[in-house]
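Topology and contacts: notes
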Amino acid sequence: MGIKSFLSSCKRLIKLVGRPSREEIWTYIKTGSIGIIIIGVIGFIVKLISSMLQASPSS
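Residues numbered from 1 in each chain as written. Predicted model: local features only at pLDDT ≥ 70, side-chain atom pairs only at ≥ 80, totals over all residues. Heavy atoms only, no water.

Quick word on the overall build of the protein
Counting its secondary structure elements, the protein contains 2 helices and 0 strands. At 24 Å, the protein has a C-alpha radius of gyration far larger than the 10 Å of a compact globule built from 59 residues. On the principal axes, the C-alpha backbone points of the protein span a range of 70 × 35 × 5 Å. In the structure as shown, the protein presents an accessible area of about 5900 Å², 70% of it carried by carbon and sulfur atoms. (Helix = DSSP H or I, 4+ residues; strand = E, 2+ residues; numbered from the N terminus. Rg over C-alpha atoms; globule rule 2.2 N^0.38 Å. Areas by Shrake-Rupley, 256 points an atom, 1.4 Å probe, with all protein chains shown as cover.)

Side note on the environment of Met52
For Met52, the position within the fold is in helix H2 (residues 22-55). Spatially, the C-alpha atom of Met52 lies 49 Å from that of Arg19, the residues being 33 residues apart in sequence.

Describing the environment of Lys4
By secondary structure assignment, the location of Lys4 is in helix H1 (residues 3-16). When its relative accessible area of 74% is taken as the criterion, Lys4 is described as exposed. As for Lys4 and Ile39, which are separated by 35 residues in sequence, their C-alpha atoms are 42 Å apart. (Buried < 20%, exposed > 50% of the residue type's maximum accessible area, 1.4 Å probe, protein only.)

A look at H1
A rise of 1.5 Å per residue sets the reference length of H1, with its 14 residues, at 20 Å; its end C-alpha atoms lie 20 Å apart and thus fit the reference within 8%. Counting buried positions along H1 yields 0 of 14 residues, so the element is predominantly exposed. (Expected span 1.5 Å × (residues − 1).)

Let's talk about the environment of Ile45
Take Ile45: it is sitting in helix H2. Of the residues examined, Ile45 reaches a relative accessible area of 42% and is grouped as partly exposed. Taking C-alpha positions, Ile45 is 44 Å from Leu16, a pair spaced 29 residues apart along the chain.

And the structure:
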């Protein structure tokens, strides 16, 4: 695939793909935010369990 055909393909794709609506953008933002929050909560729980296991007395 030459550079000329690649650029032609990119140009065709850009013409084909439309701009997302405001509703779609908000859906993407909400989905991404929820994913980030879920990963943060999982990390917090793992860290909490880890620190609780290390702090427990082993008498």
